[in-house]
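# Overview (structure and organization)
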Amino acid sequence: MHHTSPDLSHFDHLLFNTSGGKDSSAALAEAVETAEAAGVRDRLTVVHADLGESEWPGTVQLAAAHAAHYELPFTTAARRHPNGAVETILERVAARGRWPDAKRRWCTSDHKRGPIRKEMTRIVTNLRESGKVLRRPVRLLNIMGLRAEESAARARRAPFAFDATASNGRREVYNWHPIHSWSTARVWRRIEQADLEVHPAYADMSRLSCRFCVLARRKDLIAAAHLNPEYAARHAEVESDIGHRFRLDLSMEEIITATERGDDRPQGVLFPCIQP
């Protein structure tokens, strides 16, 4: 298999991780096209890590619509309370007594990576029980829309690589980032070409992640507070209760104050102009 573009027919199952955001949308279009060319489209399923109210409203529904657009099986994975309700990142912050940050991204490991690995376990169990894979580990391709442009850490990732932490005696997991080298403009062109719906939050936000992500741009956080004042206030309450700033350089209280001054008020214009 090539180091950047794997042979999809080598894998027993293709698991596409979607956030419902722009990079996931473009990567899904690429993954479907590549799987079709390899004759293994029927091995592809879509999973969304449901973050509950931490996400922008309608995100789960949009992720499901993207899967339906390609007639692919869709499921959600989530960290849940004993009663079955989705545990939000804000609840987890309150319990932990501190916010995540760039070096301690437990929000990703606890609320995305962990639940999705449980989905991998379910897939592997089903393949074994069906008799399709018996005398060797299941080969699983985990597909994500990560791009080098987004951060230095993501730029250092290989577009295609073995994932030792997700693998075990029952499964061999490889990660593939089909749009790793793409520019933002190319992402939007691919979405337009694929005729995929875009989340309305992109009218005001540059990224579709948690409504209040500690790694977001200051401008995005202020726009989010304009659009979600009650949820911002709850973040400020948790910040005060635990005595730990939302971010070292930017507290939630400062974000709310900036919205009250009218800084970076949302304009409601679709964020990216699709470039030719």
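Structure shown above.
In short, a report on the structure. Residues take numbers from 1 onward in each chain, read along the sequence in its written order. Owing to the predicted nature of the model, reporting of local features is limited to residues with pLDDT of at least 70; listing and counting of side-chain atom pairs is limited to 80 or more, with chain, interface and lining totals taken over all residues. Each side-chain value is worked out from all heavy atoms of the structure, with water and hydrogens disregarded.

## Things to note about the overall build of the protein chain
Strands are runs of DSSP state E lasting at least 2 residues, helices are runs of H or I lasting at least 4, and numbering of each runs from the N terminus. The secondary structure content of the protein chain amounts to nine helices and six strands. Here the protein chain has a C-alpha radius of gyration of 19 Å; the compact-globule value for 276 residues is 19 Å, and the two agree. Burial classes follow relative accessibility: with a 1.4 Å probe on protein chains only, a residue under 20% of its type's maximum area counts as buried, one over 50% as exposed, and anything between as partly exposed. Taken over 276 residues, the protein chain has a buried fraction of 50%. Look at the contacts in the protein chain between residues 6 or more apart in sequence, and 71% of them connect residues 24 or more apart. Of the charged side chains in the protein chain, 40 are positive and 36 negative, and the gap between their average positions amounts to 7 Å. Within these notes, the globule rule equals 2.2 Å times the number of residues to the 0.38 power, and the radius of gyration is based on C-alpha atoms. Contacts: residue pairs with any heavy atoms within 4.5 Å of one another. We score Asp and Glu as negative and Lys and Arg as positive, and we do not count His or the chain ends. For the purpose of locating charges, the reference atoms are NZ of Lys, CZ of Arg, CG of Asp and CD of Glu.

## Things to note about the pattern of salt bridges
Basic side-chain nitrogens of Lys or Arg form a salt bridge, by our definition, when they fall within 4 Å of a carboxyl oxygen of Asp or Glu. Enumeration over the complete set of coordinates arrives at 18 salt bridges. The salt bridge involving arginine 147 is made with aspartate 23; its shortest N-O contact spans 2.9 Å. Here the residue arginine 147 occupies a position in the loop between β4 (138–143) and α5 (152–155), and aspartate 23 occupies one in helix α1 (residues 22–38), the gap between them amounting to 124 residues. Of the residues examined, arginine 147 reaches a relative accessible area of 2% and is grouped as buried.

## Section: the sheet that holds strand β5 (residues 160–162)
What makes two strands pair is DSSP finding at least two bridges between them. Read from one edge of the open sheet, six strands run β3-β2-β1-β4-β6-β5, paired in mixed fashion. For this open sheet the edge positions go to β3 (74–77) and β5, each flanked by a neighbour on one side alone. Between one strand and the next, the sheet's axes are offset by a mean angle of 25°, whatever the strand orientation. With four bridges joining them, strand β1 (residues 13–17) and strand β2 (residues 44–49) adopt parallel strand pairing. What counts as an axis is a line fitted to C-alpha atoms, over the stretch in contact for a helix, and the angles between N-to-C directions run from 0 to 180 degrees.

## A word on the side chain of arginine 147
Under the rule applied, a polar contact is a pair of N or O atoms within 3.5 Å (in protein, one hydrogen donor and one hydrogen acceptor; residues adjacent in sequence only if both atoms are side-chain atoms). A distance of 3.2 Å separates the side chain of arginine 147 from the side chain of threonine 184, its partner in a polar contact. Residues within four places of arginine 147 in sequence aside, it is in contact with Lys22, Asp23, Arg154, Ile179, His180, Trp182, Ser183, Thr184 and Val187.

## Some points on a positive patch on the surface
Think of a patch as exposed residues, more than 30% relative accessible area, with no salt bridge, where like charges cluster within 9 Å and nonpolar side chains (Val, Leu, Ile, Met, Phe, Trp, Tyr) cluster within 5 Å. Computed by Shrake-Rupley with a 1.4 Å probe, the accessible areas treat only the displayed protein chains as cover when residues are assessed. A contiguous patch of positive charge, built from Arg105, Lys112, Arg113 and Arg157, is present on the exposed surface. Positionally, arginine 105 belongs in the loop between α3 (89–96) and α4 (106–129).

## Looking at the nonpolar core
Nonpolar cores are built from buried Ala, Val, Leu, Ile, Met, Phe, Trp, Tyr and Cys residues. Side-chain atoms within 4.5 Å join them into one set. By size, the foremost hydrophobic cluster in this structure holds 61 residues, and its most contacted members are Leu14, Leu141 and Phe212. If you tally residues by element for this core, the top one is α1, at seven residues. Among residues more than four places away in sequence, those in contact with phenylalanine 212 are Leu221, Ala224, Ala225, Asn228, Tyr231, Ala232, His235, Phe246 and Met252. Val47, Ile123, Leu127 and Val133 belong to the second-largest nonpolar core, a separate cluster that totals 14 residues.

## Let's talk about the pairing of β4
Summarising burial for β4: five of the six residues are buried, a large majority. Relative to β4, β1 runs parallel, the two sharing four bridges. Residue pairing in the sheet places histidine 13 in a bridge with leucine 140 of β4. Sheet analysis places β4 next to strand β6 (residues 171–176), joined by six bridges and oriented parallel. What sits directly across from leucine 140, in β6, is valine 173.

## Re unusual backbone geometry
Positive phi, normally seen in glycine, also occurs at glutamate 71, with a value near 55°. One can find glutamate 71 in the loop between α2 (59–69) and β3. Phi at aspartate 195 takes a positive value of approximately 60°, unusual for a residue other than glycine. By secondary structure assignment, the location of aspartate 195 is in the loop between α6 (184–194) and α7 (218–227). Using a relative accessible area of 60% as the deciding quantity, one classes aspartate 195 as exposed.

## A short note on the side chain of glutamate 87
Looking at the secondary structure, you find glutamate 87 in the loop between β3 and α3. By relative accessible area, glutamate 87 is classed as buried at 10%. Filtering out sequence-adjacent residues up to four positions away, glutamate 87 remains in contact with Arg79, Arg80, His81, Arg92 and His111.

## Looking at α4
An expected span of 1.5 Å times one less than the residue number is assigned to each helix. Counted at 1.5 Å a residue, the expected span for α4 with its 24 residues is 34 Å, and the 33 Å between its end C-alpha atoms agrees. To get the bend at a given residue, fit one axis to the seven residues ending there, fit another to the seven starting there, and take the angle between those axes. At arginine 113, α4 is deflected by roughly 30°, the largest bend along its length, and proline proline 115 occurs up to four residues later in sequence.

## Focus: the environment of glycine 52
Relative to the helices and strands, glycine 52 is located in the loop between β2 and α2. Given a relative accessible area of 27%, glycine 52 falls into the partly exposed group. When the C-alpha positions of glycine 52 and alanine 85 are compared, they lie 8.6 Å apart, and in sequence the two are 33 residues distant.

## Description of α1
One turn of the α-helix equals 3.6 residues, which is why residues spaced by three or four share an orientation. Compared with an ideal rise of 1.5 Å per residue, which puts 17 residues at 24 Å, α1 spans 25 Å between its outermost C-alpha atoms and is within 8% of the ideal. When you tally the buried positions in α1, you get twelve out of 17 residues, the bulk of the element. Inspection of α1 places Lys22, Asp23, Ser24, Ser25, Ala26, Ala27, Leu28, Ala29, Glu30, Ala31, Val32 and Ala35 among the buried residues, and these make up the whole buried set. Two residues or fewer past α1, glycine 39 is found with a positive phi of approximately 75°.

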